[in-house]
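Spelled out, the chains give:
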Amino acid sequence: VLRRRPDSLSERRLRDVMNMPLKRILQVEDDPDTAFLSKLVLEEAGGYDVQQCTNQMDAISATQNFDPQLLLLDFMLPGHSGLEIWDMLRGLPGYEDTPAIFLTARAEPELRSHLLAQGALAVLTKPFDAVRLADTIRAHWRTYKDSRRA
């Protein structure tokens, strides 16, 4: 009798993520004004559940308790860049394929290209359009899901 090998945690998690609408966003942001505005808009206008933290250690803890589907990362953070935090989180079991969108005050095309080449869904420049933030994230999530199904 052939037995099918059980799916790995990351395969199960990816399948669950792909079959569910986006609900849980983990945001790593050190600027209180940006954090307040983005959480307000994403929860009230977008209907998302947003958990926020300001550093790498809190982000690690949040993945264990919150199980984010998407990361919304500031690029310039004290101690670690958003890219370093994303790399570290993708090293956790089950989070290897967790997508990220970056928010940054740095608008250099080289940075944008680098983050997109690393697999970021999008790079949004601060100040961002708060009115459109939830729709922008929803559109990038839809594109991500469609690309994973193809």
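Residues numbered from 1 in each chain as written. Predicted model: local features only at pLDDT ≥ 70, side-chain atom pairs only at ≥ 80, totals over all residues. Heavy atoms only, no water.

1. Some details on the overall build of the protein chain
Worth spelling out the cut-off: Secondary structure is summarised from DSSP: a helix means a run of H or I of at least four residues, a strand means a run of E of at least two, and numbering begins at the N terminus for each. Buried means the residue's accessible area, taken with a 1.4 Å probe over protein chains only, is under 20% of the maximum for its type, while exposed means over 50%, and partly exposed covers the values in between. Contact definition: two residues touch when any of their heavy atoms are within 4.5 Å. Under the convention used here, a 1.4 Å probe and the Shrake-Rupley method define accessible areas, while residue burial counts only the protein chains that appear.
Counting its regular elements, the protein chain contains six helices and five strands. For the protein chain, the N- to C-terminal ordering of α and β elements is α-β-α-β-α-β-α-β-α-β-α. When burial is assessed residue by residue, the protein chain has 46% of its 150 residues classed as buried. In the protein chain, of all internal contacts separated by at least 6 residues, the share reaching a separation of at least 24 is 69%. For the protein chain, the accessible area works out to roughly 8,200 Å², and carbon and sulfur atoms hold 53% of it.

2. A closer look at the sheet that holds strand 2 (residues 49–53)
Note the cut-off: Strands were regarded as paired on the criterion that DSSP finds at least two bridges between them. Inter-axis angles, ranging from 0 to 180 degrees, are taken between N-to-C directions of lines fitted to C-alpha atoms, where helices are fitted over the stretch in contact.
Taken together, the five strands give an open sheet; going across it, the order is 2-1-3-4-5, and neighbouring strands pair in parallel fashion. The two strands at the open ends of the sheet, each matched to only one other strand, are strand 2 and strand 5 (122–125). Across the sheet, the mean angle from the axis of one strand to that of its neighbour is 20 degrees, orientation sign disregarded. The pairing of strand 1 (residues 24–28) with strand 3 (residues 70–74) spans four bridges and is classified as parallel. Considered in strand 3, the bridge of Gln 27 is made with Leu 72. Helix 2 (residues 32–44) rests against strand 1, strand 2, strand 3 and strand 4 (100–104) of the sheet, and its axis sits at about 165 degrees to strand 2.

3. Some thoughts on the packing of helix 3 (residues 56–66) against helix 4 (residues 82–90)
To be explicit about the condition: In this scheme, a crossing is called left-handed if the near helix is turned counterclockwise away from the far one by less than a right angle; it is called right-handed if the turn is clockwise.
Two numbers describe how helix 3 lies on helix 4: the axes approach to 10 Å, and their chain directions differ by 35 degrees. The handedness of the crossing between helix 3 and helix 4 is right-handed. Of helix 4, the residues touching helix 3 (which contributes Gln 56, Ala 59, Ile 60 and Thr 63) are Ile 85, Met 88 and Leu 89.

4. Concerning the packing of helix 2 against helix 6 (residues 133–149)
Inclusion rule: Each angle gets one of four labels, with under 35 degrees taken as roughly parallel, over 145 as roughly antiparallel, 65 to 115 as roughly perpendicular, and the rest as oblique. Gly is put with the polar residues, along with every residue not named as nonpolar or charged; the nonpolar set is Ala, Val, Leu, Ile, Met, Phe, Trp, Tyr, Cys and Pro, and the charged set is Asp, Glu, Lys and Arg.
It is the contact of helix 2 with helix 6, at a shortest axis distance of 8 Å, that shows an interaxial angle of 70 degrees. As the angle between them shows, helix 2 and helix 6 are arranged roughly perpendicular. For the pair helix 2 and helix 6, the crossing hand works out as right-handed. Only Leu 133, Ala 134 and Ile 137 of helix 6 make contact with helix 2, whose side of the interface consists of Ser 38, Val 41 and Leu 42. In terms of residue class, the contact of helix 2 with helix 6 is made up of five nonpolar, one polar and no charged.

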